[in-house]
Number of protein chains: 2
Amino acid sequence: MTCVRPDLYEAEFMPSFERELKLIAGIKEWTGSPFIGDDCAVLPGRGLVTTDTLVEGTHFRLEWTDLLALGWKACAVNLSDIAAMAGRPRFLTVALTMPGNFGTSELRSLYLGLCDCAARYRARIVGGDLTSGEKLVINVTAMGDVHEAGIMRRSTASVGEIVVVTGSFGGSGAALSLLNRLSQSETRPGPLGASLIPLALLRPGSHSQKLLQMHFRPEPRLSSAWHLVELTGGRGSLMDASDGLADGLVQIARASGVAMTIDLDKIPVPEAVYEYSRQWQKDPLAFALYGGEDYELVGTVPEELLPELLKLDPSFSPIGVVREGRSGEVMFREGGKISERLTGFADLSNCFQHFW
Amino acid sequence: MTCVRPDLYEAEFMPSFERELKLIAGIKEWTGSPFIGDDCAVLPGRGLVTTDTLVEGTHFRLEWTDLLALGWKACAVNLSDIAAMAGRPRFLTVALTMPGNFGTSELRSLYLGLCDCAARYRARIVGGDLTSGEKLVINVTAMGDVHEAGIMRRSTASVGEIVVVTGSFGGSGAALSLLNRLSQSETRPGPLGASLIPLALLRPGSHSQKLLQMHFRPEPRLSSAWHLVELTGGRGSLMDASDGLADGLVQIARASGVAMTIDLDKIPVPEAVYEYSRQWQKDPLAFALYGGEDYELVGTVPEELLPELLKLDPSFSPIGVVREGRSGEVMFREGGKISERLTGFADLSNCFQHFW
C-alpha cells in the first residue's frame, strides 16, 4: 500500500521518508500481519486488495482541479497499486467524506470520474459510504484478481537483474511546481470544483498543458505489468513508484536486501519537464526522483529477458542494475561516474524540502 | 452500506433521511451497480465487502474518547455491517488520515483498539494507507465470507413475518446527549486523545457508565445473525440498525415493498436510558428510534420460527409484524392503539432536530 506521500506544496507538513517507514513497521508489529509490505495484500482465496485516500489540502486543492478529474485520479491511484502486483482490477468501494457545500451535482461529477476510470480498466464500483466532514476525503479500496502467470512483489529483486521503469518521471511533480507558482500569484476565490487554472495553460500541445495532463490524468500501467508477468512468471520485482522514483528504488532494494546502481541519464524525463526546468531554473531529475505522483511502475527483470520485454512493451526503459551491497543502498551514476550529488539517502525528506 | 448518519450533537449539519436516500439513488444510477442496497456488497466468488468511516467532529470528538476505544469502534461498526448479512468477517483494511500532532504512540493506541476488536471476532487487518490531513478520519473496509446457511438481506421481508431486534436501543443516543450536556458545561482543552469525561461518570455500575459503555464499546451482533440464518436459511430479512431503529424499520419496509406495525412498548430500552430520560425530561423512545449508533440488528422472521429463535438466542425480541400496506409505511402502536405522535415518516430529520 502506498502511504504518507510528500505534500509537495506544503513541505512543512511533509512526514519524512524514515518516519513513514517507522510507522509502517509499527503497524506490522501491532497487527502481526504477514500481508503488509507490498502495494496490495494478497489474501488467501480472495486475490488482491489495496486502499488509497486523497485528502483535500494534502493531495489536491479544489481550486486547481475539477471533480471529474479528481474522481478519475482517486480510482487510478488504486488501480496503479493493483498494477504494481500485476493483478487484474475487479471491484472498488468508495468512501467519501463530504463538506457541507458538496451537493448532488458535485457528487455526480466525482462519481462520473470514478466510473469513467473504473470502466476504462474493467473494474466496477460495488458500494461505499457517505459521511460529512469539514474537508473532502476520497477513499477507494480496490480488489483484484491475481494474474494467472504470477504475482510481482517488491522483495524478490535479485543481483544481476536490470532495473526498469515504465513511461516517464517528473511530469506530475513539475505540474505541482507550476500550480504552486500560479497559486502564489493568481489564486482567487471561485465556486466549488471550478478550476482556476488559466485557460492559456490548457492550450492543447503546450508544455504546461502536457504537465497538467500528467498530474491530473494518471493512467495505471496495467497492461505493462501484465506484459512483464507473462514474460517472467513473477521473477524479478515490481512496485508503484508514485511516491517518487527514488522512493521506489530504495523500497525495492531494502525489501529485497540488495543494492542498485542507477544511470541518471537513462531515466526517462518528458521534454515538457526539461522545458519547465530551464524556464524556472529547476532540476528536472529532482522532479523525476522526488516529485512523486507519476503513477509509473519500477521493477527489476532478469537480464536475459530484457530484450524480449522491450520488444513486447516499448513503455519500459532500463535504467540500472541490481548489485551486491548494503541492503537498500542506491547509487546514482552520471556520465559513467558516481554522482556525489545524489548518492545519499540518509534523509530523503531533506531533498524534498530543498527543492520547493 | 451505512451512509450519512445524523450528527446528534451538530444537528444543523445533519443531512436528512431523504437527502441520504436521494444521494444513494444517484450513486446507484451513476455506477449502474447492482451490488448497492444492502449493508454489504455480495461479490461473485469473493464474499462480502463493506466500508465505513468515522470522521473527527462528525462521529467523534477526541476530547470525549480515548484512542483505544475509537479503534475498537472503527472496527466494530464495519463488523456490524458484516453481521447484518449474517456473514463471517475475515479481512480488514484501515485507511487513516492523521493530523500533524498524531504521533507513533497515538497511532499505536488506535491500532491496538482496532486489533483488539478484529481479534475478538476472528478478523485480520491486512493492510491500509496513511495520509496527512487536518482532522482524524478512520476508514475501514471489511471483507467477509458468506455464511454457508445463506445470506440475510433487507429486501426479503414478507407479509406476516414478525419484526425482531437484537439487544436494546437508545443507550448510545442517550450517551451522546449526556456528553453534549457535559461539553456545554465542563469542556476544557486537554492532550490529544485524553478523555475529558469526569471520572464520576465512569464509576462502575452507574447509569452514566452504562450509557457510555454502550456508546464507546459497541459489540457487533455476529453470533445472533448466525443463529438467525442457521434457522431461516436466509428467509426473512436483516439489517444493521445503526442509524436508529426507525431508519432500519423504514429501510427494510421500503426495500421489501411492505408495511409494518410496531409495538412501542415492546422495544427493548435499557433501564439506564429511562433513568437518564427521567432526570433530564427526555423521551426514552426518541433515543431508541432516532438516536442511532446502537449497532444492533433489526429484521423479520417467519412467525413459525419465532419460538425456536427466542429459545436459541435470547438477545432477540419481537417488536411487531410485517403487513400489507403502502411500501415503507411504519405505524407505531402504544398500549394497543396507533400512536399519533410517531406515525409519520415524511421527514425523519425533523424528529432529530426537535430532540436535541
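Residues numbered from 1 in each chain as written. Chains lettered and ligands numbered in written order. Predicted model: local features only at pLDDT ≥ 70, side-chain atom pairs only at ≥ 80, totals over all residues. Heavy atoms only, no water.

(A) Representation of helix 3 (residues 104–120) of chain A in the model. Residues and elements named next belong to chain A. With 17 residues, helix 3 extends 24 Å between its outermost C-alpha atoms, agreeing within 8% with the 24 Å of an ideal straight helix rising 1.5 Å per residue. Residues E106, L107, L110, Y111, G113, L114, C115, C117 and A118 constitute the buried set of helix 3. Immediately beyond the C-terminal end of helix 3, within one or two residues, lies R122, with a positive phi of roughly 60°. (Helix = DSSP H or I, 4+ residues; strand = E, 2+ residues; numbered from the N terminus. Expected span 1.5 Å × (residues − 1). Buried < 20%, exposed > 50% of the residue type's maximum accessible area, 1.4 Å probe, protein only.)

(B) Just the interface of chain B and chain A, in detail. On the side of chain A, 63 residues touch chain B, which itself brings 63 residues to the contact. Both sides of the chain B and chain A interface together cover about 5100 Å² of buried area, and 64% of this is carbon and sulfur. Across the contact surface, chain B and chain A share four salt bridges. E134 of chain B is the partner of K135 of chain A in a salt bridge, and the nearest nitrogen-oxygen pair spans 3.6 Å. There are 14 residue pairs in polar contact (both at pLDDT 80 or more) connecting chain B and chain A. Elements with a minimum of two residues in the side of chain B that touches chain A: helix 1 (17–31), strand 1 (41–43), strand 2 (47–55), strand 3 (88–98), helix 3 (104–120), strand 4 (124–132) and strand 5 (137–145) of chain B. The biggest single contributor to the side of chain B that touches chain A is strand 4 of chain B, with nine residues. A breakdown of the residues in the side of chain B that touches chain A according to their chemical character gives 29 nonpolar, 22 polar and 12 charged. (Contact = heavy atoms within 4.5 Å. Buried area = accessible area lost by both parts, 1.4 Å probe. Salt bridge = Lys/Arg side-chain N within 4 Å of Asp/Glu carboxyl O. Polar contact = N/O pair within 3.5 Å; in protein donor to acceptor, adjacent residues only side chain to side chain. Nonpolar A, V, L, I, M, F, W, Y, C, P; charged D, E, K, R; others polar.)

(C) View of the sheet that holds strand 3 of chain B. Residues and elements named next belong to chain B. Pairing is mixed in the open sheet, where five strands are placed in the order 1-2-5-3-4. Both outer strands of the open sheet, strand 1 and strand 4, are each paired with one neighbouring strand and no more. Pairs of neighbouring strands in the sheet enclose a mean axial angle of 20°, with direction left out of account. Here strand 3 pairs with strand 5 via nine bridges, running antiparallel. Within strand 5, the position partnered with A95 by the bridge is N139. Each of strand 2, strand 3 and strand 5 touches helix 2 (residues 67–84); the most contacted strand, strand 2, lies at about 145° to it. (Pairing = 2+ DSSP bridges. Axes fitted to C-alpha atoms, helices over the stretch in contact; angles between N-to-C directions.)

(D) Examining the environment of L297 of chain A more closely. With respect to the helices and strands, L297 of chain A occurs in strand 9 (residues 297–301). Linking L297 of chain A and A83 of chain A, residues 214 residues apart in sequence, is a C-alpha distance of 8.1 Å.

(E) View of the environment of D294 of chain A. Residue and element names in this part refer to chain A. Within the secondary structure layout, D294 lies in the loop between helix 9 (284–291) and strand 9. Between the C-alpha atoms of D294 and L245, which are 49 residues apart in sequence, the distance is 8.7 Å. Polar contacts involving the side chain of D294 include one to the main-chain amide nitrogen of S172, which spans 3.1 Å.

(F) Representation of the sheet that holds strand 3 (residues 88–98) of chain A in the model. Residue and element names in this part refer to chain A. In space, the five strands of this open sheet follow the order 1-2-5-3-4, with mixed pairing throughout. The sheet is open, and its two borders are formed by strand 1 (41–43) and strand 4 (124–132), each paired with just one other strand. If you compare each strand with its neighbour and ignore which way they point, the axes differ by 20° on average. Summarising the sheet, strand 3 and strand 4 pair through eight bridges and their orientation is parallel. Each residue of the ladder has a partner; that of L92, found in strand 4, is I125. Contacting strand 2 (47–55), strand 3 and strand 5 (137–145), helix 2 (residues 67–84) crosses the sheet at an angle of about 145° to strand 2.

(G) The arrangement of the packing of helix 2 of chain A against helix 3 of chain A in detail. All names here are of chain A. Across the interface, helix 2 lies against helix 3 with an axial gap of 7 Å and an inter-helix angle of 40°. In terms of orientation, helix 2 and helix 3 fall into the oblique class. In this structure, helix 2 crosses over helix 3, and the sense of that crossing is right-handed. Mapping the contact onto sequence places L67, L68, L70, G71, W72, A74, C75, A76 and L79 in helix 2 and E106, S109, L110, L112, G113, L114, D116, C117, A118 and R120 in helix 3. The class makeup of the residues in the contact of helix 2 with helix 3 is 13 nonpolar, three polar and three charged. (Parallel < 35°, antiparallel > 145°, perpendicular 65-115°, else oblique. Left-handed = near helix turned anticlockwise from the far one by under 90°.)

(H) Spotlight on unusual backbone geometry. All names here are of chain A. With phi around 65°, E293 is a residue other than glycine that occupies positive phi space. If you trace the backbone, E293 turns up in the loop between helix 9 and strand 9. Even without being a glycine, Y295 presents a positive backbone phi close to 50°. With respect to the element layout, Y295 can be found in the loop between helix 9 and strand 9.

(I) Layout of the pattern of salt bridges. Scanning the model with the defined rule gives 32 salt bridges over all chains in all. E271 of chain B is the salt-bridge partner of R278 of chain B, the closest N and O atoms lying 3.1 Å from each other. Three or more residues are tied together by salt bridges with common partners; here these are R46 of chain A together with R90 and D145 of chain B.

(J) Quick peek at the confidence of the model for chain A. All names here are of chain A. Of all residues in chain A, 86% have pLDDT values of 70 or greater, and the mean over the chain is 87. In this model, residues 1–15 is a region of pLDDT below 50 whose contacts with residues beyond four sequence positions or in other chains number 61 contacts. Taken as a whole, residues 341–356 scores under 50 in pLDDT and shows 40 contacts with residues more than four places along the chain or in a different chain. The ipTM value of the predicted complex is 0.88, and its pTM value is 0.89. (pLDDT = per-residue confidence, 0-100.)

(K) Geometry of the relation of the copies chain B and chain A. Each copy of the sequence occupies a distinct position, and chain B is placed on chain A by a rotation of 180° and an axial shift of 0.0 Å, giving an RMSD of 0.0 Å. Here the transformation between the copies is reduced to the relation of a two-fold axis. It is R46 of chain B whose C-alpha, among those of chain B, lies nearest the rotation axis, at 2.9 Å. When the interface residues of chain B are mapped onto chain A, 100% of them again lie at the interface, so the same face is used by both copies. (Least-squares fit on C-alpha atoms with pLDDT ≥ 70 in both.)

(L) Summary view of the packing of aromatic side chains. Counting across every chain of the model gives eight aromatic pairs over all chains. Plain terms: the ring middles of Y111 of chain A and W30 of chain B are 6.2 Å apart, the flat faces sit at 40° to each other, and that makes the pair tilted. Here the residue Y111 of chain A occupies a position in helix 3, and W30 of chain B occupies one in helix 1, the pair thus bridging two chains. Of the two residues, Y111 of chain A and W30 of chain B, neither departs from the other in class, the shared state being buried. It is R120 of chain B that lies over the ring of Y121 of chain B; its NZ or CZ is 4.6 Å from the centre. (Phe/Tyr/Trp six-rings, centres within 6.5 Å; stacked < 30°, edge-to-face > 60°. Lys NZ or Arg CZ within 6 Å of the ring centre and 35° of its normal.)

(M) The pairing of strand 10 (residues 316–323) of chain B, seen in detail. Residues and elements named next belong to chain B. Within strand 10, six of the eight residues are buried, which leaves the element mostly enclosed by the surrounding structure. Summarising the sheet, strand 6 (residues 162–166) and strand 10 pair through five bridges and their orientation is antiparallel. For T166, the partnering residue across the bridge sits in strand 10 and is F316. The pairing of strand 8 (residues 259–263) with strand 10 spans four bridges and is classified as antiparallel. Bridge assignment links I262 to a residue of strand 10, and that residue is G320.

(N) Up close: helix 9 of chain A. Residue and element names in this part refer to chain A. Counting buried residues along helix 9, eight of its eight residues qualify, which places the element largely inside the surrounding structure. Those residues of helix 9 lying buried are P284, L285, A286, F287, A288, L289, Y290 and G291. Between the side-chain oxygen at the start of helix 9 and the backbone nitrogen of L285 there is a gap of 2.9 Å, and the oxygen is on D283. After helix 9 finishes, the residue G292 shows a positive phi value of roughly 80°.

(O) A look at the pairing of strand 9 of chain A. Residue and element names in this part refer to chain A. The element strand 9 is largely enclosed, with a buried count of five among its five residues. What you see with strand 9 is no split at all: L297, G299 and V301 on one side and V298 and T300 on the other are buried throughout. One ladder, built from four bridges, connects strand 6 (residues 162–166) with strand 9; its direction is antiparallel. Its bridge partner lying in strand 9, V164 is registered against G299. Bridge count between strand 7 (residues 237–240) and strand 9: four bridges; the pairing is antiparallel. For L238, the partnering residue across the bridge sits in strand 9 and is G299.

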